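Here is how the chains run, residue by residue.
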Amino acid sequence: MGEFYASAQYVVTCEAPSPRDQGGQRPGNNHNFQRPHVVTGKGLSQEAEQEAQTIHEENVARLQAMTPGEILQEQQQLLAQLDPSLVAFLRSCGRTHEQAGEKATKEQKPGGLLIDVSEEEPMISALANEPRKEEKLEPGAPDVALPMTPHKEWLHMDAVELEKLHWTQDLPPLRRQQTQERMQARFSLQGELLAPDVDLPTHLGLHHHGEEAERAGYSLQELFHLTRSQVSQQRALALHVLSQVIGRAQAGEFGDQLVGSVLRLLLDAGFLFLLRFSLDDRVDGVIAAAIRALRALLVAPGDEELLDSTFSWYHGTSVFPLMPSQEDKEEDGEDEEPATEKAKPKSPEEGTRPPPDLARHDVIKGLLATNLLPRLRYVLEVTCPGPSVVLDILAVLIRLARHSLESATRVLECPRLIETIIREFLPTSWSPVVAGPTSSLHRVPCAAAMKLLRVLASAGRNIAARLLSSFDLRSRLCRFIAEAPQELALPPEEAEMLSTEAYRLWAVAASYGHGGDLYRELYPVLMRALQAVPLELSIHPLPSLPVHRAASLLTLLTQLTLAASGTHSEPTRDSADAHEPAAASSITWTQVSGLQPLVEPCLRQTLKLLPTPDRWSALGPVPTACLLFLSAYYQAWSQQPNLCPEDWLQDMERLSQELLLPLLSQPTLDSLWDSVRHCSPVCNPLSCAPAAEVLSSLVALGCPGGCPPRSLAGSASPFPFLTALLHLANTLARTHKGLCGQLASVLAAPGLQSYFLQCVAPGAAPHPTPFSAWAFRHEHHLQYLAISLAQRAAMLQPPPATNAALFHAMALALLSRLLPGSEYIAQELLLSCVFRVEFLPEGAAGGPEAADLADGLSLGSGGDARCGRGALLIQACQDLPSIRSCYLTHCSPPRAGLLASQARHRGETQRVPALLLPVPTESLLPTDWPFQPLIHLYHRASETPSGLPPADAVGIATRVLQWVLVLDSWRPEALCTVPPAARLARLMCLFLVDSELFRETPVQRLVAALLARLCRPQVLPSLNLDCPLPGLTSFPDLYASFLDHFESVSFGDHLFGALVLLPLQRRFSVTLRLSLFGDHVGALRALGTPLTQLPVPLECYTAPPEDNLALLQLYFRALVTGALRSHWCPVLYTVAVAHVNNFMFSQDPKSSDEVKGAQKNMLQKTSLLADEALRQHLLHYKLPSPSLPQGFELYSQLPPLRQQHLERLTSGLLQSRVPET
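Note that the structure is a prediction, hence the values are computed from the model and not measured.

Colleague: If you had to explain the overall build of the protein chain to someone new, which residues and values would you point to?
Modeller: Assigned secondary structure in the protein chain consists of 57 helices and 6 strands. Within the protein chain, buried positions represent 51% of all 1221 residues. When contacts within the protein chain are restricted to residue pairs at least 6 apart in sequence, those whose partners lie at least 24 apart make up 77%. For the protein chain, the accessible surface area stands at approximately 55900 Å², while carbon and sulfur atoms represent 54% of it.

Colleague: Can you explain the pattern of salt bridges? Please cite residues and give values.
Modeller: Counting across every chain of the model gives 44 salt bridges. Here Arg 836 and Glu 838 are joined by a salt bridge, their closest N and O atoms 3.2 Å apart. A relative accessible area of 27% means that Glu 838 is categorised as partly exposed. Measuring nitrogen to oxygen at the nearest pair gives 2.4 Å for the salt bridge that ties Arg 911 to Glu 908. Owing to a relative accessible area of 23%, Glu 908 belongs among the partly exposed residues under this scheme.

Colleague: Please set out the environment of Pro 933 residue by residue, giving values where relevant.
Modeller: Secondary-structure assignment places Pro 933 in helix H45 (residues 932-943). Beyond its immediate sequence surroundings of up to four residues, Pro 933 is in contact with Cys 886, Tyr 887, His 890, Cys 891, Ile 956 and Val 960.

Colleague: So what about the environment of Gln 1164? Which residues, and what values?
Modeller: Its place among the elements puts Gln 1164 in helix H55 (residues 1153-1167). On the basis of relative accessibility, which here comes to 17%, the residue Gln 1164 falls in the buried class. It is 9.9 Å that separates the C-alpha atoms of Gln 1164 and Met 1144, two residues lying 20 residues apart in sequence.

Colleague: Talk me through the packing of helix H9 (residues 232-250) against helix H12 (residues 284-298); I want residue IDs and the actual numbers.
Modeller: Following both chains from N to C, one finds H9 and H12 inclined at 15°, their axes separated by 8 Å at the closest point. Classified by the interaxial angle, the pair formed by H9 and H12 is roughly parallel. Where H9 crosses over H12, the two elements pack in a sense that is left-handed. In this structure, H9 uses Ser 232, Arg 235, Ala 236, Leu 239, His 240, Ser 243, Ile 246 and Gln 250 to contact H12, whose residues at the interface are Gly 285, Val 286, Ala 289, Ala 290, Arg 292, Ala 293, Ala 296 and Leu 297.

Colleague: Lay out the side chain of Thr 310 in plain terms, naming residues and giving numbers.
Modeller: Inspection of the secondary structure puts Thr 310 in the loop between helix H13 (303-309) and helix H14 (348-352). Filtering out sequence-adjacent residues up to four positions away, Thr 310 remains in contact with Gly 316 and Trp 774.

Colleague: Pulling in residues and values, what's your account of a nonpolar patch on the surface?
Modeller: Taken together, Leu 82, Leu 86 and Leu 90 make up a surface patch of nonpolar side chains, about 240 Å² in accessible area. Within the secondary structure, Leu 82 sits in the loop between helix H4 (68-81) and helix H5 (84-100). Looking at Leu 82, the relative accessible area reads 33%, which means it is partly exposed.

Colleague: Residues and numbers for the nonpolar core, please.
Modeller: Looking at soluble globular proteins, one finds that nonpolar side chains tend to be buried together. In terms of nonpolar packing, the biggest core is built from 356 residues, with Leu 298 and Trp 963 touching the most fellow members. Take this core: its biggest share by element is 14 residues, from helix H38 (residues 770-796). For Trp 963, the contacting residues outside a window of four places in its chain are His 808, Leu 812, Val 834, Phe 835, Leu 880, Ile 883, Tyr 887, Trp 929 and Pro 930.

Colleague: Let's hear about the packing of helix H31 (residues 622-638) against helix H35 (residues 719-735): which residues, and what values?
Modeller: Between H31 and H35, the shortest axis-to-axis distance is 8 Å and the interhelical angle comes to 15°. Classed by the angle they form, the pair H31 and H35 counts as roughly parallel. The hand of the H31/H35 crossing is left-handed. Here H31 contributes Pro 623, Thr 624, Leu 627, Leu 628, Leu 630, Ser 631, Tyr 634, Gln 635 and Ser 638 to the contact with H35, which in turn contributes Pro 720, Phe 721, Ala 724, Leu 725, His 727, Leu 728, Thr 731, Leu 732, Arg 734 and Thr 735.

Colleague: So, the environment of Leu 872: which residues are in play, and what are the values?
Modeller: Mapping Leu 872 onto the fold places it in helix H42 (residues 869-878). For Leu 872, a relative accessible area of 9% puts it in the buried group. When the C-alpha atoms of Leu 872 and Leu 965 are compared, they prove to be 8.4 Å apart, with 93 residues separating the residues in sequence.

Colleague: So what about the packing of aromatic side chains? Which residues, and what values?
Modeller: Within the structure shown, the criterion is met by 30 aromatic pairs. Taken together, a centroid distance of 6.4 Å and an interplanar angle of 80° make the contact between Phe 719 and Tyr 755 edge-to-face. Of this pair, Phe 719 sits in helix H35 while Tyr 755 sits in helix H37 (residues 750-760); the two residues are 36 residues apart in sequence, bridging distant segments of the chain. The same class applies to Phe 719 as to Tyr 755, namely buried. Aromatic ring contacts, followed pair by pair, group Trp 589, Phe 629, Tyr 633, Tyr 634 and Trp 637 into a single cluster.

Colleague: Go over the confidence of the model for the protein chain, please, and point to the residues and values.
Modeller: Where the model shows low pLDDT, its predicted coordinates should not be examined in detail. Model confidence for the protein chain is summarised by a mean pLDDT of 84, while 83% of its residues fall at 70 or above. Overall, residues 857-865 carries pLDDT values under 50, and its contacts beyond four positions in sequence, including any with other chains, amount to 12 contacts. Under a pLDDT of 50 for its full length, residues 1214-1221 has, in the predicted model, 10 contacts with residues more than four places off or in other chains.

Colleague: Give me helix H49 (residues 1035-1049): which residues, what numbers.
Modeller: For H49, with 15 residues, the first-to-last C-alpha span of 21 Å sits near the 21 Å given by 1.5 Å per residue. Among all positions in H49, only Phe 1035, Leu 1038, Tyr 1039, Phe 1042, Leu 1043, His 1045, Phe 1046 and Val 1049 are buried. Summarising the axial view, the buried residues of H49 lie within an arc of 170°, below the 170-degree limit, and thus occupy one face. The inward-facing, buried residues of H49 contact helix H47 (980-991), helix H50 (1054-1061) and helix H51 (1070-1079).

Basis of the calculations
- Residues numbered from 1 in each chain as written.
- Predicted model: local features only at pLDDT ≥ 70, side-chain atom pairs only at ≥ 80, totals over all residues.
- Heavy atoms only, no water.
- Helix = DSSP H or I, 4+ residues; strand = E, 2+ residues; numbered from the N terminus.
- Buried < 20%, exposed > 50% of the residue type's maximum accessible area, 1.4 Å probe, protein only.
- Contact = heavy atoms within 4.5 Å.
- Areas by Shrake-Rupley, 256 points an atom, 1.4 Å probe, with all protein chains shown as cover.
- Salt bridge = Lys/Arg side-chain N within 4 Å of Asp/Glu carboxyl O.
- Axes fitted to C-alpha atoms, helices over the stretch in contact; angles between N-to-C directions.
- Parallel < 35°, antiparallel > 145°, perpendicular 65-115°, else oblique.
- Left-handed = near helix turned anticlockwise from the far one by under 90°.
- Patch = residues over 30% accessible without salt bridge, like charges linked within 9 Å, V, L, I, M, F, W, Y side chains within 5 Å.
- Core = buried A, V, L, I, M, F, W, Y, C linked by side-chain atoms within 4.5 Å.
- Phe/Tyr/Trp six-rings, centres within 6.5 Å; stacked < 30°, edge-to-face > 60°.
- pLDDT = per-residue confidence, 0-100.
- Expected span 1.5 Å × (residues − 1).
- Arc of directions from axis to C-beta.

Shown next, in the form of structure tokens:
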């Protein structure tokens, strides 16, 4: 009996019993038991079929030999051994199958194995009374059209459940979209966006049983659902598709086909933490798919390629951190803190915030809060994943290290992470690896691992020192640099990249003055590699990897040479690293003095290819690196105290005569200057447009597919070479004054002139993006070096007036655009070019001209010639040294940032704190920086409890007003970013400093001149007080404070009054006029500014007619109560009379009853006024006329229409005058 049941577990096909089996039926059975299933073994081997038949015959023979009692006893014994729930399930299946097999039983011979089980009657009866769970179609339901006909012989198909077979039907026809209604986006398994009406075959695996089964593809919601599947293959497939979707979205493939951002939708749905949970999966395939999706999300395509290709540019080793600019409140004062190498500790708020809140503002911070780094270390160390997973993990770690100093420190300090990476992927010995796919990257050198260490070292000096000392990187660098790439027993491409990254890591370490001992050990290797560069550059076509390796070698030698230049220099007491020993670098000038004869031939060979654009662009950064090395070489040579200056002066002359001057005279160089405008981000703002998928919480440069050739970072960009050429020219001109005039001839290039003209032209600032910040920084380098060279040449010979004005305008434009990290450039511009009289040629001959334009515009001048604008400008030019001192005091960058930037630009390796620049949140100087000292003065006065003015308030105010007048007169484009309303607000702040400052004669004259400039006809229409102003929360609030101050301390000052009157023009907000006539009506008596000194036409106040009933009533009240009189306030008296007169005689039929009642009331009260002059003015006003004593013309007799209107509204009044109430 046991063998029978055992054989039933291996059923392959079920058939009806044979006639011989049916003959074994015993009579006298009270119950029919389910007929036995015969195991035929069909589908197995021949021996298995024979074995199954033998078992079946033995079971039948044993049953026939047993009595019914024995059968029942065996049955009860077997039921006692089985699980009761299993027994109940088998019996329910038997009852379900019974009805389905009745028809087939009638067609066969009667019989079957019937066993007398009378003792089991109660159990069978109880089960028989349960309702049968047969599937029945509802009446009238349509038949299901199945692609096949089920047969009862099929396994578990004796009772057909049609509802569960609906999925086997043919797909419904694809619905065609008849309207513009949005449809759910669906994607293929490769992440491609499928059209809503695309009809794809089902064998592609893109159809499923969810919503819209007829449409191919998977929606994001369905993919999210699949990631939680219990089947690991489905989870891995969903993550793979999502990573493909992210990659295509970042590449901009979807364009405007989708509504909204795919990345933002995924992050809002919790995709970031879904990936983190998937990393904890137990299936390697799911982990690999999650890591690939994480890389697709974090690592924007093209970013790393861009940063690597520009590593050898001028200051290309320094980059901005890829972190959001919206920082927490506790980090707002970061710029004021000293630059340190230690990671900033978490704030209490950040430490307690959950990862989802952190990720909402910063994806990287949110990920790091989930213990991502230990999990990645575990995957690398324990699971030993395949090569693709290893590369994905390293790419993710590189992106984390680029985020900030804090993130780089956390990567460095993660237990065993860096040790595992160095041990497994930067071994000093390994088995040879041939080109082609490899099964594992463990114990094989990997260039990406070397790059990760380089990016970590760029984050700070301490990190670089720890990497070199604690992780034995010196031996790794020696191992991978000592051998040529072709001798490293690695695939050629990987060997080239590994050698390049080794050079770059050493160059970064040398930027801090580290790694000098390696130079002595590897000196022969470096000389051999440098000697091989000309031969490698002669190959045509030139491969890109050897080019970047050669450029990285030259960059390394440049940093080592700069380190040698600082051997004899001691850090000043202001140095940020003054506590470190001065002799940290062990490189001496003698060790690097022999490099120049080897680098110069490389430069000569590359310059020969300048006339051929294709081969020139293939050289990449090699010519740039050669020029930068020569600049560092001559800078270091000139700083050696024990060498004869004549030697390096003669060598500079030789280089200039043999190389630079012939280069400057080449027509090809002019073509490079001509292409600058086309590659400039400032001249082409659309080149810095944000990418298709931009997230504020996940910063990326946004360069999918690389940069166009004619862009700043493109292959045809002239910026790196020209910047390096200007840097070398500046170095030579600074050291050898006699070469300055010859080298300055490069500034006469027409392409440079036209480029500067376009840069200084007024225009809207481009939208700030991470890529624009990166691109602008490199463009600012070229602009500054050109200005610096022009300034050095101007010290020896004054430049032409046109060129001087152009370079001065360019310096002003550059000063307002500089980003964090360029503090040294800002300081140098303030010290040298901006306030130099040589760059203000208008000062020599422009005084009389300016005076002719402005003498009659000054308010309160009294005809004094000293009050003319020309005289003020001449005085300002004479006071330029004092003006410069004032702005250096109030506009200098923060000291810590200035010292760090100074060390980077001067090549002082011992004082460089980090190559990671500050976050480019905004420009170094505000757009209204010319007013900055004035704003500081106002805030200091507001914070002084005694109310006394700050020291030297008159001097500060005078210097600021002088400089603003110079800019407004001769460099108006420098103030184009400051709206006229903002300039007016700054002038008003000057009057709020104290009660006496505005009375000073210099201040009075300068403010009058600036106010006249502000009220010119071409400027006045752009004066808009109703729009938000930079640095000002509310202009009405400022004006209310201004009225309070005027009422308290003005004593009728006409200039003060002119500033009060200017915002009261009719086109400005009625709130300002209500503030004066409602809350400060007492100030009307002090507003004695005469009509002849009004800076704007009187019509600006009287037209169009006033329509605010409350203000009109205040006008009328002030007039009839005597608060507003013509000899006290002539301007506003005329304005009030004009508006009240127009209101009383307006006859608009659409006027409301309230307005009509107010008109009638005013007319009636006016006709009863005791003041005959006021009544005459209100009733007979005609037109404003500033030339008349009262300021307006009067009707000698009212026009008929007005007379009739007056009589109609005043009829019935008593002839006697009623006193005013």
